[in-house]
Amino acid sequence: MGAPGPFPGSPGKSQDPVLSREEVDRALGRLAAEYEAIETSLLALQDHAGRRLLEGAELTGLTKERWAATEQSITVLWTLFDAYTETLTTARELRARRRWPSPDDLAELTELLRGTRVTVSGAAAGSGAPQAGGGPARLSEQFSLEELVERMNGLYASALDVIVSADSVWSALPARIDLLAAELRRTLSLARSVGVRPGEHPAGDDLERITYELTQLRAQVVSDPLAYWVPDADRSAAPGGGRPDTARYDRAALALEDARREIEAVLDVRQDAERRLMRLRDVLSRADRTLTEARQARGEVLAKIAASEVPAVSGPPTALHEQLSTAAEYRRHAQWHRLSPLLDSLEQRAEDELHRARESLTAVTAPLAVRAELRGRLDAYKAKAARHGLAEDPLLIERYDAARRMLWSAPCDLRVAEQAVLRYQRTVAEALQPPGPDRGPVDGPQGET
């Protein structure tokens, strides 16, 4: 997920003692744009998926410690933003009193916009701790708007760094560990089939150690992701700069690969036919599982999606299974002259069957992907309308609700739902067009998404 960017910097301090009316108006304009950017960044931080995960997780170690500090920083951020908002509001109200402000008004506006007029309590500003050397804690601090933004930038960057780093680890390592664990289970099954067990063969002991290591590693990654994050050496890099620490995972993967090769060496002792038969069973088993998943997915699509052509899913390759049983009989009775050509044929057909099963799964789940894309597009345009102050527009609300009902109903008519989404997009685009005599009709969604 793309992370929100840093706040923009506020305008630099003027060397003039008092700003002119034009300078005040320009400064207020820049501050208004800055305010919107800061608010957008804070709301994006609030809604970041990594933040929600951190709030709901049972954390330990480094992550628990840093997240506790980060939660406090986020609270301070909003407090500072409230102070920034209050000062900007005061300046706007003062400017709005008169079209031509008096010298006293300009002096007051200059002090508000460029002076250290923003008062924040020491605790709220994050500086309520006793000072170095044993001095008393500061009860309050005075900031200029520029200094306030600089303080918010620092807190925002550190909070975003924690959130993005934890989210990056959670997005990368657990999934890779799960895939490796699935490979480990297949290897364990294969090991048992050839008599490789703990206490009886070194590879069996290795597999037992790898199983324990992956279990421990996954639990630690989930509860303490920051312990598995390597930040960039360049401390000036953007928040979240770095990479997941995969050292333990890599060692486990290498150990599993070594164990697998050892088991294959045991398999190589057996005749070539037995190894090929085992591989055939594995391919056909994966094809069967994929077809089963496709059939289940097709039932889900038919229940949730209306007016959609969902291809039928064929049954398991019965003929291939029967020929595989025949091949096993050939091996059992040492009929090698019949087994070899049959295996040659079965291996290619089994791979073709697995490919067909995967294509079938992709085909039947396509309507669900289309529905997900339409949902995402609808919400994106709703967010766009809200950013431009159109959240309460009755026509937009009506058309958004109509499209949403179609997309979240079951069964969902994709064709009708798509038209409803397009109608909402066109309405948003029309609402965003500036009024004027040259304004023309909008045939489709325009502008940013």
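On a predicted model such as this, the values are computed, not experimentally measured, just so you know.

## Considerations on the overall build of the protein
Okay, so step 1: The helix and strand tally for the protein stands at 13 helices and six strands.
Okay, so step 2: Split into buried and exposed, the 449 residues of the protein put 37% on the buried side.
Okay, so step 3: On the protein, roughly 24,600 Å² of surface is accessible, and the fraction owed to carbon and sulfur atoms is 51%.

## A closer look at helix H6 (residues 202–223)
Okay, so step 1: In a regular helix each residue adds 1.5 Å, so 22 residues correspond to 32 Å; H6 covers 32 Å between its end C-alpha atoms and thus fits that length.
Okay, so step 2: Here H6 has its buried residues at Ala203, Gly204, Leu207, Ile210, Leu214, Leu217, Val221 and Ser223.

## Description of the packing of helix H1 (residues 21–47) against helix H3 (residues 61–96)
Okay, so step 1: Relative to each other, H1 and H3 sit at 155°, their axes nearing to 11 Å. The orientation of H1 relative to H3 falls into the category roughly antiparallel. Handedness of the H1/H3 crossing: left-handed.
Okay, so step 2: Partitioned by chemical class, the residues of the contact of H1 with H3 number 16 nonpolar, two polar and six charged.

## Let's talk about the packing of helix H11 (residues 366–387) against helix H13 (residues 414–432)
Okay, so step 1: Their axes nearest at 10 Å, the elements H11 and H13 cross at an angle of 20°. The orientation of H11 with respect to H13, classified from their angle, is roughly parallel. The element H11 and its partner H13 pack so that their crossing is left-handed. For the pair H11 and H13, contact is made by Pro367, Val370, Arg371, Leu374, Arg377, Leu378, Tyr381, Lys382, Lys384 and Ala385 and by Leu414, Glu418, Val421, Leu422, Tyr424, Gln425, Val428 and Leu432, respectively.
Okay, so step 2: Class assignment of the residues belonging to the contact of H11 with H13 gives a composition of 12 nonpolar, one polar and five charged.

## Brief notes about helix H2 (residues 49–56)
Okay, so step 1: For H2, the full list of buried residues reads Gly50, Arg51 and Leu54. The buried residues of H2 occupy one face: seen down the axis, they fall within an arc of 100°.
Okay, so step 2: Considering only its buried residues, H2 is in contact with H1, H3 and helix H5 (145–193).

## Digging into the nonpolar core
Okay, so step 1: If you look at the biggest cluster of nonpolar residues, it comprises 43 residues, and the most contacted ones within it are Leu45, Tyr84, Leu113, Leu148 and Met152.
Okay, so step 2: Contributions of two or more residues to this core are made by H1, H3, helix H4 (103–114), strand E1 (118–121) and H5.
Okay, so step 3: For this core, the element with the most residues is H5, which contributes 13 residues.
Okay, so step 4: In this structure, Leu148 is in contact with Leu80, Ala83, Tyr84, Val118, Val120 and Phe143, ignoring residues within four places of it in sequence.
Okay, so step 5: Val313, Leu378, Ala403 and Leu407 belong to the second-largest nonpolar core, a separate cluster that totals 27 residues.

## Some remarks on the pattern of salt bridges
Side chains that differ in sign of charge can pair as their charged atoms come close.
Okay, so step 1: Counted according to the given criterion, the structure contains 14 salt bridges.
Okay, so step 2: With a closest N to O distance of 2.8 Å, Glu213 and Arg248 form a salt bridge. Taken together, the residues Glu213 in helix H6 and Arg248 in helix H7 (residues 247–269) connect sequence positions 35 residues apart.
Okay, so step 3: The closest approach of N and O atoms between Arg276 and Glu347, which form a salt bridge, is 2.7 Å. Residue Arg276 is found in helix H8 (residues 272–304), and its partner Glu347 is found in helix H10 (residues 336–364); the two are separated by 71 residues along the sequence.
Okay, so step 4: What makes Arg276 buried here is its relative accessible area of 16%.
Okay, so step 5: Accessibility expressed as a relative area gives 29% for Glu347, which makes it partly exposed.

## A short note on the packing of aromatic side chains
To describe a pair of aromatic rings, you give the distance between the ring centres and the angle between the ring planes.
Okay, so step 1: A full pass over the atoms with the stated rule returns three aromatic pairs.
Okay, so step 2: Here a set of aromatic residues connected by ring pairs shows up, and it is made of Tyr35, Trp78 and Phe81.
Okay, so step 3: We note Arg375 situated over the ring of Trp408; from NZ or CZ to the ring centre the distance is 4.4 Å.
Okay, so step 4: A cation over a ring is seen here: Arg404 above Trp408, with NZ or CZ 4.2 Å from the ring centre.

## Some remarks on the side chain of Thr87
Okay, so step 1: Note that Thr87 resides in helix H3.
Okay, so step 2: Under the relative-accessibility criterion, Thr87 is labelled buried at 9%.
Okay, so step 3: Filtering out sequence-adjacent residues up to four positions away, Thr87 remains in contact with Leu112, Val118 and Leu145.

## Side note on the confidence of the model for the protein
Okay, so step 1: Residues of the protein with pLDDT of at least 70 account for 82%, and the chain-wide mean is 79.
Okay, so step 2: Averaged pLDDT values over the elements of the protein bottom out at 70 in E1 and peak at 92 in H6.
Okay, so step 3: A low-confidence stretch, residues 442–449 (pLDDT under 50), is modelled with 19 contacts involving residues beyond four sequence positions or located in other chains.

Definitions and limits used
- Residues numbered from 1 in each chain as written.
- Predicted model: local features only at pLDDT ≥ 70, side-chain atom pairs only at ≥ 80, totals over all residues.
- Heavy atoms only, no water.
- Helix = DSSP H or I, 4+ residues; strand = E, 2+ residues; numbered from the N terminus.
- Buried < 20%, exposed > 50% of the residue type's maximum accessible area, 1.4 Å probe, protein only.
- Areas by Shrake-Rupley, 256 points an atom, 1.4 Å probe, with all protein chains shown as cover.
- Expected span 1.5 Å × (residues − 1).
- Axes fitted to C-alpha atoms, helices over the stretch in contact; angles between N-to-C directions.
- Parallel < 35°, antiparallel > 145°, perpendicular 65-115°, else oblique.
- Left-handed = near helix turned anticlockwise from the far one by under 90°.
- Nonpolar A, V, L, I, M, F, W, Y, C, P; charged D, E, K, R; others polar.
- Contact = heavy atoms within 4.5 Å.
- Arc of directions from axis to C-beta.
- Core = buried A, V, L, I, M, F, W, Y, C linked by side-chain atoms within 4.5 Å.
- Salt bridge = Lys/Arg side-chain N within 4 Å of Asp/Glu carboxyl O.
- Phe/Tyr/Trp six-rings, centres within 6.5 Å; stacked < 30°, edge-to-face > 60°.
- Lys NZ or Arg CZ within 6 Å of the ring centre and 35° of its normal.
- pLDDT = per-residue confidence, 0-100.

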